Amino acid sequence: MEKFHNIGTTTDWIVMLVYFLLVMLFGSYFGRYNRSTQDFFFGGRRFSWWLIAFSIVATGVGSHSFIKYSAMGFQHGLSSSMTYLNDWFFVPFFLFGWLPIIVYTKIRSIPEYFEKRFSPSARFLATILLVLYMVGYIGIGFLTLGKAAQPLLPEHFTLFGQTFDITLMGIIIVIAIITGFYITFGGQTAVIFTDLLQGFILLFAGILLFVLGLDYLGGFKVFWDLLPVELKLPLAQFNEPPSFNFVGIFWQDGIAGSVGFLFMNMGLIMRFMATKSVDEGRKAATFNILAMLPISAIVVSNAGWIGKAVSIAQPEVVPPSIVPDQVFVVIANLVSHPGVFGFIMAALTAALMSTVDTLINATAAIYINDIHRPIKKYIGKKVTITEKENDRKELFAARIASIAITTLGVLSVLIFEKFPTVYEAHGFFHSTLTPPLVVAIFLGIFWKKFTPAAVMATFIGGVALMILGNYYPAALISPFDHGTEMDLKHPYTYIRALYNLFVCSFVGVIVTVTTVYQKRIVEILRSKRNHLQIFYLLNSVSVAIFISIVFNLFPLTILLPLAVVLIIFASISISYVVKYDPTNNTEGLTAWSIAKAKELFKGRPINDREGKKIKVNWKLKDGDDNTINFSENDMRTMAAESGDLVYISDARGYLGGLKSVHAEYGAPHNENGIVYINKEQKLTGLFVEGRPLSAEKEM
Amino acid sequence: MPSFFNTWLPFIYLYVVGGLFFITGLIIAVKSGSLNKQIPRHRKWFWLLIFGYCFFFILHALLITAALYW
């Protein structure tokens, strides 16, 4: 394969440098709006849907997309767009299941949900799986950044008479240092605003590249006629080749990936949690999937399509044997002028950094919520410190965690760089790491009967069966392959997602429907005098079996029955040890009790009467009373009563809720058009003297 | 000309298997009361969800037709 180096001119490098500086300054400006860990991680639940919808564009598009989709566009044509157009199937589950649950239950992270819904042990395993997932995602981001930068750099450089090779890992380490620096001092508000800016620029840069590419070829008709029919189809061939086929990608991306993206990607979830209400979160998600993703599909893939057309018309300019992951950079350089190329590359790399930043920020949030705080609680703090002091310490811990996560992300690149393209590396990653959590979250939200024993068996037994699938793909995954050929080097990169989803779901369902038998066994166990010893024995055997599966110590004919024993032992152990109340542990935590979750969120019955939004001037009131006070008339217009929840924001709509606050309605007064707020609300809302506010009832 | 196996079969598979997930989600949302069709705002959401499915269905059908015949 043909590799390119030293692409770009001095002008391009200057443009890139200036762009990066401007973006970092922009982010730092908004970083000052972080007043607490709540702001650092969640942006304070205050933003309008449109602001979040556009800020997601950079996260979605920037996520290694230009490089990997251009590579697939070059190799397989318009079908590279299919992963951007298959997310709608899970939207009802997300909008009316997961989104209201995460907002109304005030959970800070996915593992926290597992503790509330199941048990602390479920939270522990969910944390491990989620951190692995997030670190892997960060690794893929770094790999893409490295691959984007490599063609721009020379093969080696000379310093003090010594020649040094510029390796992919070397580039990635330098990029990681820059990325880590930015996120450590920014926080979620900075990331949201930087992404907002970059979302627009990225779309513009992608469309500009398409227009320039079409112009280079001589128009859309020439481009279309150059592509063979197979490359014009929007969906890949059904089950071939193994490196890119429809059915594998449907299960890997359309099912595991879509659920993973919407339900597990803490970076994305934190964006939705930063919207001012559940309905605004729904609007942001819908707009993103319905409008932005189809546009993004063109934006990220078109360099590959143009590249293919050029390679057919002028193979001497773009050789058909080019390294696929370099297509984007080569085409961007070919069709644009110096400076414009620099701008496109800067937009791409800065957005990629934004994606990685978002993920690092999200993983740091998981660290604080699911590792730092539980450990602190477990150890027991003797010295009492103020809330502010505690917040400051947690912010510091979050920053240290960001650095550690960045390092782990860089190390994970070592696994992914073995795949021929970023796309295949990402496909393997999704197929392998998402199924246990996807199944556990999904069944937890939508199936009230799903028990702690079942979720733990899904994590332990499901993962054990997945590992066996990895060792014995011909025996275990081939029944699911839909006729896809097994590539011996990377067996069933995509369709393994179907096998993994199946085994995890199967374990979860079987353990749930046999709950009554587990209870009986536990009762018998408890009636024994040495029940504790039996419990320890079950656990020891389970650990031994799991280790034998991880290290593939026996043939499949022995390991498979051992996996079944592991599932049985794990479910009995969990049923024995976990105290689970099917009513309390599901109230407000499944899709079947969202009304209850809303009521718990508010702390009193819901007022669903539809009112109007009003504009008011604000005045400061003395004291620490946390309610805010409107006139009786204004409250009537908003259809609000004392004790309802209200959202007030700076009336300038273009701020998108940056200056806003949530509060509770207090007793009314008689001054129409005036709202009384306290000093803390003024500070939190960042309200400016003399600027009117708009107010609306939340619930 | 590519065969049915590589043109319309992926399309049918996508919208039948994907459609099963979509319909299940919609039914759970309505049956659980999370999507309450008595509330006007939620009625709009219900139709928007159906529209989204049709939008992607038509988009893919048009793109396949364009690839084969245009």
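Thresholds, definitions, all that
Residues numbered from 1 in each chain as written. Chains lettered and ligands numbered in written order. Predicted model: local features only at pLDDT ≥ 70, side-chain atom pairs only at ≥ 80, totals over all residues. Helix = DSSP H or I, 4+ residues; strand = E, 2+ residues; numbered from the N terminus. Rg over C-alpha atoms; globule rule 2.2 N^0.38 Å. Buried ≥ 20, exposed ≤ 12 C-beta atoms within 10 Å, placed from the backbone. Contact = placed C-beta atoms within 7 Å. Domains from an automatic or database assignment. Nonpolar A, V, L, I, M, F, W, Y, C, P; charged D, E, K, R; others polar. Pairing = 2+ DSSP bridges. Axes fitted to C-alpha atoms, helices over the stretch in contact; angles between N-to-C directions. Parallel < 35°, antiparallel > 145°, perpendicular 65-115°, else oblique. Left-handed = near helix turned anticlockwise from the far one by under 90°. Core = buried A, V, L, I, M, F, W, Y, C linked by C-beta atoms within 7 Å. pLDDT = per-residue confidence, 0-100.

A.B. asks: How do you make sense of the overall build of chain A when you look at a structure like this?
C.D. replies: A count of helices and strands for chain A gives 28 helices and eight strands. For 699 residues, the compact-globule formula gives about 27 Å, and the C-alpha radius of gyration of chain A, at 27 Å, lands near that figure. A principal-axis box enclosing the C-alpha atoms of chain A has dimensions of 80 × 75 × 55 Å. Counting across all 699 residues of chain A, residues that qualify as buried make up 56%. The contacts in chain A between residues at least 6 apart in sequence include a share of 84% that link residues at least 24 apart.

A.B. asks: Would you mind going over the domain arrangement of chain A with me for this structure?
C.D. replies: One frequent convention defines the size of an interface as the accessible area lost when the parts assemble. Residues and elements named next belong to chain A. The assigned domain composition of chain A is domain 1 (10–416), domain 2 (447–577) and domain 3 (607–697). For the side of domain 1 that touches domain 2, the secondary structure elements donating two or more residues are α7 (120–149) and α12 (246–264). Looking at the side of domain 1 that touches domain 2 element by element, the count peaks at seven residues for α12. The residue inventory of the side of domain 1 that touches domain 2, partitioned by class, reads ten nonpolar, seven polar and one charged.

A.B. asks: It is not clear to me how the pairing of strand β6 (residues 660–665) of chain A should be interpreted in this structure. Could you clarify?
C.D. replies: Across a regular strand the side chains alternate sides, sitting on one face of the sheet and then on the other. Residues and elements named next belong to chain A. In terms of strand pairing, strand β4 (residues 627–628) meets β6 through two bridges, oriented parallel. Bridge assignment links I628 to a residue of β6, and that residue is Y665. Pairing geometry for strand β5 (residues 645–650) and β6, over five bridges, is antiparallel. In the strand pairing of β6, L645 is matched with E664.

A.B. asks: It is not clear to me how the pairing of strand β8 (residues 693–697) of chain A should be interpreted in this structure. Could you clarify?
C.D. replies: Residues and elements named next belong to chain A. Here β8 shows a buried face lined by L693, A695 and K697 and an unburied face lined by S694 and E696. Summarising the sheet, strand β3 (residues 614–620) and β8 pair through three bridges and their orientation is antiparallel. The partner of V616 across the bridge, within β8, is L693. With five bridges connecting them, β5 and β8 associate as antiparallel partners. Its bridge partner being in β8, Y647 is matched across the sheet by E696.

A.B. asks: It is not clear to me how the packing of helix α16 (residues 340–379) of chain A against helix α17 (residues 387–416) of chain A should be interpreted in this structure. Could you clarify?
C.D. replies: Geometrically, a packed helix pair is captured by the angle between its two axes and the distance between the axes. All names here are of chain A. For the pair α16 and α17, the least separation of the axes is 8 Å and the interaxial angle reads 120 degrees. The angle between α16 and α17 places the two elements in the oblique class. Handedness of the α16/α17 crossing: right-handed. On α17, the residues that touch I360, T363, A364, Y367, I368 and H372 of α16 are E394, A397, A398, A401, S402, I405 and T406. The residue makeup of the contact of α16 with α17, split by class, is eight nonpolar, four polar and one charged.

A.B. asks: Help me understand the interface of chain B and chain A in this model?
C.D. replies: Contact residues are listed per partner, giving 34 residues for chain B and 32 residues for chain A. When residues of the side of chain B that touches chain A are traced back to their parent elements, those giving at least two are α1 (8–31) and α2 (40–69) of chain B. Tallied by class, the residues present in the side of chain B that touches chain A amount to 25 nonpolar, nine polar and no charged.

A.B. asks: What is the right way to look at the sheet that holds β3(A) in this model?
C.D. replies: To summarise the sheet geometry, strands pair through backbone hydrogen bonds and adopt either a parallel or an antiparallel arrangement. Strand order in the open sheet formed by six strands is β4-β6-β5-β8-β3-β7 (chain A), with mixed pairing between adjacent strands. At either margin of the open sheet sits one strand with a lone partner, and together these are β4 and β7 (674–677) of chain A.

A.B. asks: Which parts of the structure should I look at to understand the nonpolar core?
C.D. replies: Nonpolar side chains in soluble globular proteins tend to be buried together. Residues and elements named next belong to chain A. The biggest cluster of nonpolar side chains holds 213 residues, and the ones touching the most others in it are F94, M134, F142, W251, A332, A347 and M456. Top element by residues in this core is α16. It accounts for 20 residues. When we break this core down by domain, the ones giving at least three residues each are domain 1 (10–416) and domain 2 (447–577). In this view, A347 contacts I201, L202 and A205; residues no more than four positions away in its chain are not counted.

A.B. asks: Any chance you could explain the packing of helix α24 (residues 531–550) of chain A against helix α25 (residues 556–577) of chain A here in plain terms?
C.D. replies: All names here are of chain A. Across the interface, α24 lies against α25 with an axial gap of 9 Å and an inter-helix angle of 145 degrees. As for the relative orientation of α24 and α25, their crossing is left-handed in sense. Of the residues in α25, those in contact with F535, L538, N539, V541, S542, I545, F546, S548 and I549 of α24 are L559, L562, A563, V565, L566, F569, A570, I572, S573 and Y576. Across the contact of α24 with α25, the residue classes tally to 15 nonpolar, four polar and no charged.

A.B. asks: Help me understand the confidence of the model for chain A, please; the structure alone is not making it clear to me.
C.D. replies: For any part of a model where pLDDT is low, the fine detail of the predicted coordinates should not be relied upon. On average, residues of chain A score 86 in pLDDT, and 93% of them are at 70 or above. Looking across chain A, the model is least confident in helix α2 (residues 37–42) of chain A, with a mean pLDDT of 52, and most confident in helix α22 (residues 496–513) of chain A, with 96.

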